[in-house]
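Spelled out, the chains give:
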Amino acid sequence: MVPIGTIFYFNPFHFSLCFAHRILGTKSMNIVVLGPGAIGSLWAIHLKKAGHNVSLWGNKTQSTDSIQLEDKPPILFDNRNTQALSQADLVLVTVKVWQVEHAIKPIIQHLDSDCMLMFMHNGMGAVDRIYHLVEQHPVLLATTTHGAFRPSANRVNHTGLGQTQVGAFNDKAQQCEFIADVLNHAQPEVFWNQNIKQALWQKLVVNCAINPLTGIEQCQNGQLANQEYQTTIEKVVSECADVMNADGFKADKQTLLDTVRKVIVATGKNYSSMYQDVFYNRTTEIDFITGYLLERAKCLHIATPVNAELYQQIKAKELSEN
Ligand SMILES: NC(=O)c1ccc[n+]([C@@H]2O[C@H](COP(=O)([O-])OP(=O)(O)OC[C@H]3O[C@@H](n4cnc5c(N)ncnc54)[C@H](OP(=O)(O)O)[C@@H]3O)[C@@H](O)[C@H]2O)c1
């Protein structure tokens, strides 16, 4: 484990000149985690242990908050500190995808325009919707396969090791490749991806195939390996591939289907986030997963009846629960 106070590693060849003076000057970055839930808490702890000045911006109004990683001693963080926002080099946004707009609006006025914004969530389309609010910032997108679970408000369990991919959403973020090294030092493995939207689309296809079905059937991911689901999964993936191709992204149906099947087996014992959201009567991320697919399909005049049916079934569950 990296002791607190350790200075993180920078690859100088990846280092952005724009931010170099600020970050080298302080030897660590000022980072705010906006939405310190399961995934955000995990990153907050690992970034703090890697020597960064990390503070939280959560829903709770108290000025400090502690997080405990498994049975390790709790770590205390500042919470909702506007000075931390004004000094931030990076805001890591880890709210659920449908919470992005509501979370970003009240904080954006406090940030320096050089402050990087990194959105790490499932689903697509949320950043497009709020881009007019954040366009002066370097905007980054990230996707992770780490698993995190919050058994209680101040505790997080790291339920599965994974990988994280980061890439630029706008031109200003093209010079921020160094941030992958910073994150990699805190919680490996992190890669810079020049085509992050391709990676997000591939994750979206996996989510379109697994999340709604497990939410509707209220089953573990592994149950989707049963024969009865294969036709639906094949059709979901085929429709997704058609939309991806029409949208200008690379998509091979068989490769995507193989990936979905591998994820079903590898995460067989897991309960997907949509399963959990349906189970606990919470708003799901369907509007930015299957909903995003349907939106792009409509624009591109592609038929997606099977995905549309799954979307309707999850929306019906959301409505009946609220
Ligand atoms: N958990 C995983 O293993 C995992 C893995 C890969 C990807 N993801 C994705 O990562 C994203 C986050 O997932 P998660 O499981 O970490 O969700 P989560 O535990 O619900 O975390 C979201 C956090 O954001 C807080 N929040 C909501 N609105 C806010 C606001 N306006 N201002 C400040 N904080 C706000 C929530 O507070 P409250 O607690 O008060 O609601 C919660 O602490 C999702 O898109 C998910 O699909 C999760």
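If you're wondering where the values come from, they're calculated on a predicted model, not measured in any experiment. (Residues numbered from 1 in each chain as written. Predicted model: local features only at pLDDT ≥ 70, side-chain atom pairs only at ≥ 80, totals over all residues. Heavy atoms only, no water.)

Scanning the protein chain from terminus to terminus reveals 12 helices and 11 strands. Over its C-alpha atoms the protein chain spans a radius of gyration of 20 Å, differing by no more than 12% from the 20 Å that the globule rule assigns to 322 residues. With the C-alpha coordinates aligned to their principal axes, the bounding extent of the protein chain is approximately 55 × 40 × 35 Å. Considering the protein chain as a whole, with its 322 residues, one finds that 52% of them fall into the buried category. (Helix = DSSP H or I, 4+ residues; strand = E, 2+ residues; numbered from the N terminus. Rg over C-alpha atoms; globule rule 2.2 N^0.38 Å. Buried < 20%, exposed > 50% of the residue type's maximum accessible area, 1.4 Å probe, protein only.)

Right, let's get into the sheet that holds strand β10 (residues 164–168). As summarised here, the arrangement of the seven strands in space is β2-β1-β5-β6-β7-β10-β11, forming an open sheet in which the pairing is mixed. Of all strands in the sheet, those bounded by a partner on one side alone are β2 (53–57) and β11 (190–192). Neighbour-to-neighbour, the strand axes of the sheet open up by a mean angle of 20 degrees, direction not taken into account. Sitting on the sheet, helix α2 (residues 38–49) touches β1 (30–34), β2, β5 (90–93), β6 (116–120), β7 (139–144), β10 and β11, and the angle it makes with β2 is about 160 degrees. Sheet strands touched by helix α7 (residues 196–217): β7 and β10. Its angle to β7, the strand with the most contacts, is close to 35 degrees. (Pairing = 2+ DSSP bridges. Axes fitted to C-alpha atoms, helices over the stretch in contact; angles between N-to-C directions. Contact = heavy atoms within 4.5 Å.)

Here we come to the domain arrangement of the protein chain. Domain boundaries assigned for the protein chain yield domain 1 (12–193) and domain 2 (198–321). Here the C-alpha centre of domain 2 lies 27 Å away from the C-alpha centre of domain 1. Tallying the contact residues gives 16 residues for domain 1 and 16 residues for domain 2. When domain 1 packs against domain 2, close to 1500 Å² is buried across both sides, 62% of that on carbon and sulfur atoms. Three residues stand out in domain 1 for area buried against domain 2, namely W98, N122 and M124, and they jointly supply 44% of the buried area on that side. The interface formed by domain 1 and domain 2 contains two salt bridges. Two residues, R129 and E295, come together in a salt bridge whose shortest N-O distance is 3.5 Å. Remark: the boundary between domain 1 and domain 2 carries six residue pairs in polar contact (both at pLDDT 80 or more). For the side of domain 1 that touches domain 2, the elements supplying multiple residues, two or more each, are α5 (126–134) and β7. With four residues, β7 is the single largest residue contributor to the side of domain 1 that touches domain 2. (Domains from an automatic or database assignment. Buried area = accessible area lost by both parts, 1.4 Å probe. Salt bridge = Lys/Arg side-chain N within 4 Å of Asp/Glu carboxyl O. Polar contact = N/O pair within 3.5 Å; in protein donor to acceptor, adjacent residues only side chain to side chain.)

The next point concerns empty space enclosed by the protein. For the structure on display, the rule yields one cavity of 30 Å³ or more. Roughly 120 Å³ of internal volume is contained in the largest cavity. Lining the largest cavity are 14 residues, and of these G123, M124, G125, L141 and L200 lie nearest its centre. Of all the elements in the fold, those that place two or more residues in the lining of the largest cavity are α5, β7 and α7. Tallying contributions element by element places α5 first for the lining of the largest cavity, with three residues. Looking at the lining of the largest cavity residue by residue, the classes come out as nine nonpolar, three polar and two charged. (1 Å grid on protein atoms, 1.4 Å probe; cavity = no way out; pocket = protein on both sides within 12 Å on 5 of 7 lines; lining within 4 Å. Points joined across faces, edges and corners; volume = space filled by probe spheres on them. Nonpolar A, V, L, I, M, F, W, Y, C, P; charged D, E, K, R; others polar.)

Turning our eyes to something else, we now look at the packing of aromatic side chains. Evaluated as defined, the whole model comprises six aromatic pairs. Taking the centre distance of 6.1 Å and the plane angle of 45 degrees together, the rings of W201 and F249 count as tilted. Here F249 lies in the loop between α8 (230–246) and α9 (253–266) and W201 lies in helix α7, a separation of 48 residues in the sequence. For W201, a relative accessible area of 0% gives the class buried. (Phe/Tyr/Trp six-rings, centres within 6.5 Å; stacked < 30°, edge-to-face > 60°.)

With that out of the way, let us pick up the UniProt feature "domain: Ketopantoate reductase N-terminal" (unreviewed entry) in the protein chain. Here the UniProt-annotated "domain: Ketopantoate reductase N-terminal" (unreviewed entry) positions come out as residues 31–170. With 25% helix and 36% strand, the stretch residues 31–170 has end C-alpha atoms that lie 20 Å from each other. (UniProt positions renumbered as here; feature names shortened; annotations may be inferred.)

Among the 24 residues in the neighbourhood of the ligand, the closest are listed as I39, N122, A148, R150 and E285. N59 places a side-chain nitrogen or oxygen 3.1 Å from an oxygen atom of the ligand. Contact with the protein chains hides 79% of the accessible area of the ligand, taken as 890 Å² for the molecule alone. Those elements that provide at least two residues to the shell around the ligand are α2, α4 (100–108) and β8 (147–152). Per-element tally for the shell around the ligand: the top contributor is β8, with three residues. (Near = heavy atom within 4 Å. Areas by Shrake-Rupley, 256 points an atom, 1.4 Å probe, with all protein chains shown as cover.)

In a packed pair of helices, the relevant descriptors are the angle between the two axes and the axis-to-axis distance. Across the interface, α7 lies against α9 with an axial gap of 10 Å and an inter-helix angle of 60 degrees. Relative to α9, the element α7 lies oblique. The element α7 and its partner α9 pack so that their crossing is right-handed. Between α7, through Q202, V205, V206, A209 and I210, and α9, the contact on the second element is made entirely by L256, T259, V260, V263 and I264. (Parallel < 35°, antiparallel > 145°, perpendicular 65-115°, else oblique. Left-handed = near helix turned anticlockwise from the far one by under 90°.)

Moving on, we get to the confidence of the model for the protein chain. Taken as a whole, the protein chain shows an average pLDDT of 93; of its residues, 91% reach a score of 70 or greater. A low-confidence stretch, residues 1–18 (pLDDT under 50), is modelled with 40 contacts involving residues beyond four sequence positions or located in other chains. Contacts for the low-pLDDT stretch residues 20–26, under 50 throughout, to residues beyond four places or in other chains number 15 contacts. (pLDDT = per-residue confidence, 0-100.)

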